[in-house]
Amino acid sequence: MEHTGHIRIDRKVIPYHLKDKKVHLIPNNTYACLIPGEIREKEVIKGATTGNREVAFVGCRYNNNSLGYKALVISDCNTGLYSGITKFDRICFEGKPVNVFAGPGRAFISESGFDISERMKSITPKKWEDINISSQVVINSDRINIGVNFSFWHNLKYAETSMGDAIPKFTLEFQKAVNIKRLPQIYLMVYDFFCFLNFCRNIYFEKITLQIKENDKFRTSATVYINSENDDDYDRNENTSIISQDCKSYLPELFKTVALRRNQKIYDNFYIPKNSKEALTVSYEKFLACALSLESEYDRLYPTKKEDNNLYADVYEVFQNSADELEMLFIAIKENKLTSEEFKKLYFGKVDNEYNSLVKNLSQTKKKKMNGYCEKVKEALSKIDYSLAEKYKNALTNNLEYIQPVVDKMSRANKVEFPSVSEAGKKFAEFRNGIAHGNPKEIEPLHVVLYEVARALIYTMVLKQANADDDSIKNVINKLF
């Protein structure tokens, strides 16, 4: 895309030239071209194109010569014909990932039969209520209708062979109008959702539009261009991704579960490969990222006792305050530089002082209860239980009915015998620890199997958080892994 126009910054009108997503500013000060100046930030910078379309850059960093942005919004009509593009009621996403999710082929009824002597068998578009999807979900303070909306276009042109198009849009309709300042956040919610659906991160939407609601009808007001890489090697289909019919019953919960992650400071989605080619390979970095994701996902689905019990949480915090020293002691024990007795003397000696001050003014009843918690934590730490092994084992035990086909398929493909559940957890944790401590073993076929099973476990736990039923989980795991 290339165009020119002008923007307004600090009450100054500055011409710009946009080409290949790069914006060059054209200041009227000769010296500004030689001295870029300091980098400044602004949420929204407005202006107009040379063709008299309203334009807005969102999430801006700029100096005298150039402007970086996260999203660009261009009005679909000339400036002044309608109210501005500052707010919108609905945002629509189109492209290959949406097509796979919605399935244009399911939008028609195909006439049955084999006799085509007089004409080809007809296809008839289904009714809107049979193909469009709408589900309400509350995310933070927003009440949103998410779903799929189809458009049909008949082609009557003589020179073209297509009979028409069935175009699905993935839409987010907000109960209250939304400011365009939030476009980067909303885009990432939808991007993360489609990454999860497709088990790949090379997601690109060919068209994003904003709509405003007028008399219960939606009118397209602007087009959005996200400043990101256009990765066009997307190759997923209805057999290798989660489609609307797979998750229709729990779509709102699934969207909420995945879309809220960035808001909750959860960024551990690197167990999802960039593309189909990368999905077939294992590396130390990918194994480590997968292990981190497994641990955090396990903690979210199976909360620890400290989250439900204030007294236990107080004791836990005492131990957690010295976590850095604890990690060093764990490494020393693993390398046979420290005995169990030395560990107790060094670590618990420090903790006891802090713990004693914590319980000093408590009643005998509460003190007795907290003493019990303290002893349990000490016992667990004394055994040096690397929690990843336990989490892998427990996750596998709790979800084996969904994961068993993956275990069998991967074991056959790699010609290995899958170990017992408990042993699998230990081997997974041992390999991860070797990577984390800088002395990794060579990647063997069993590690490949353990890695793929871990990714399937992560998906299973996310689907459980989204209240997916058993059959849906089995179907999804079978398709993706």
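Residues numbered from 1 in each chain as written. Predicted model: local features only at pLDDT ≥ 70, side-chain atom pairs only at ≥ 80, totals over all residues. Heavy atoms only, no water.

Engineer: So what exactly am I meant to see when it comes to unusual backbone geometry here?
Structural biologist: Across the chain, the bulk of peptide bonds are trans and the bulk of non-glycine residues have phi less than zero. Positive phi, close to 50 degrees, is recorded for Asp20, a residue that is not glycine. By secondary structure assignment, the location of Asp20 is in the loop between strand 2 (12-19) and strand 3 (22-25). For Asp20, a relative accessible area of 57% translates into the label exposed. Positive phi, close to 65 degrees, is recorded for Asn52, a residue that is not glycine. Along the chain, Asn52 turns up in the loop between strand 4 (40-49) and strand 5 (53-62). (Helix = DSSP H or I, 4+ residues; strand = E, 2+ residues; numbered from the N terminus. Buried < 20%, exposed > 50% of the residue type's maximum accessible area, 1.4 Å probe, protein only.)

Engineer: What's the story with the side chain of Ser221 in this structure? I'm lost.
Structural biologist: Tracing the sequence through the fold places Ser221 in strand 15 (residues 217-226). Exposure remark for Ser221: the relative accessible area of 7% places this residue in the buried category. Residues within four places of Ser221 in sequence aside, it is in contact with Ser75, Asp76, Ile85, Leu210, Gln211 and Ile212. (Contact = heavy atoms within 4.5 Å.)

Engineer: I tried to follow the pairing of strand 5 on my own but got confused; where do I start?
Structural biologist: Side-chain positions along a regular strand alternate between the two faces of the sheet. For strand 5, the buried fraction is high: seven of the ten residues fall into the buried class. The hairpin turn running from strand 4 into strand 5, its antiparallel successor, is three residues long, and Asn52 in that turn takes a positive phi close to 65 degrees. The sheet contact formed by strand 5 and strand 7 (residues 71-78) spans five bridges and is antiparallel. Following the sheet pairing, Val55 is matched in strand 7 by Ile74. Two strands pair when backbone bridges link them, and strand 5 and strand 6 (residues 66-68) are joined in this way by two bridges, in the antiparallel orientation. (Pairing = 2+ DSSP bridges.)

Engineer: Can you help me understand helix 13 (residues 421-436) in this one?
Structural biologist: An α-helix turns once per 3.6 residues; consequently, residues spaced three or four apart project the same way. Taking 1.5 Å per residue as the helical rise, helix 13 with its 16 residues ought to reach 22 Å, and the 23 Å between its terminal C-alpha atoms agrees with that figure. Looking only at helix 13, the buried set comprises Ala424, Gly425, Phe428, Ala429, Phe431, Arg432, Asn433, Gly434 and Ile435. Two residues or fewer after helix 13 comes Gly438, characterised by a positive phi angle close to 85 degrees. (Expected span 1.5 Å × (residues − 1).)

Engineer: Looking at this structure, I do not really get the side chain of Lys169. What am I missing?
Structural biologist: With respect to the element layout, Lys169 can be found in strand 13 (residues 164-179). No salt bridge is formed by the buried Lys169. Its closest oppositely charged neighbour is Glu94, at 4.1 Å. Polar contacts involving the side chain of Lys169 include one to the side chain of Ser151, which spans 2.9 Å. Beyond its immediate sequence surroundings of up to four residues, Lys169 is in contact with Cys92, Phe93, Glu94, Val98, Gly147, Val148, Asn149 and Ser151. (Lys, Arg positive; Asp, Glu negative; His and termini not counted. Salt bridge = Lys/Arg side-chain N within 4 Å of Asp/Glu carboxyl O. Polar contact = N/O pair within 3.5 Å; in protein donor to acceptor, adjacent residues only side chain to side chain.)

Engineer: Whenever I open this one, the confidence of the model for the chain confuses me. Can you help?
Structural biologist: Summing up the model confidence of the chain, the mean pLDDT is 85 and the portion of residues at 70 or higher is 84%. With pLDDT under 50 throughout, residues 382-386 is counted as low confidence; its partners more than four residues away or in other chains account for twelve contacts. (pLDDT = per-residue confidence, 0-100.)

Engineer: How do you make sense of the packing of aromatic side chains when you look at a structure like this?
Structural biologist: Aromatic ring pairs are reported here in terms of the distance separating the ring centres and the angle at which the planes meet. Taken as a whole, this structure holds 29 aromatic pairs when the rule is applied. Here Tyr16 and Phe57 contribute two aromatic rings whose centre-to-centre distance is 5.5 Å and whose plane-to-plane angle is 85 degrees, an arrangement assigned as edge-to-face. Of this pair, Tyr16 sits in strand 2 while Phe57 sits in strand 5; the two residues are 41 residues apart in sequence, bridging distant segments of the chain. Residues Tyr16 and Phe57 agree in their burial class; the two are buried. Pairing Phe88 with Phe174 gives two aromatic rings, centres 6.1 Å apart and planes at 85 degrees, and the pair type is edge-to-face. (Phe/Tyr/Trp six-rings, centres within 6.5 Å; stacked < 30°, edge-to-face > 60°.)

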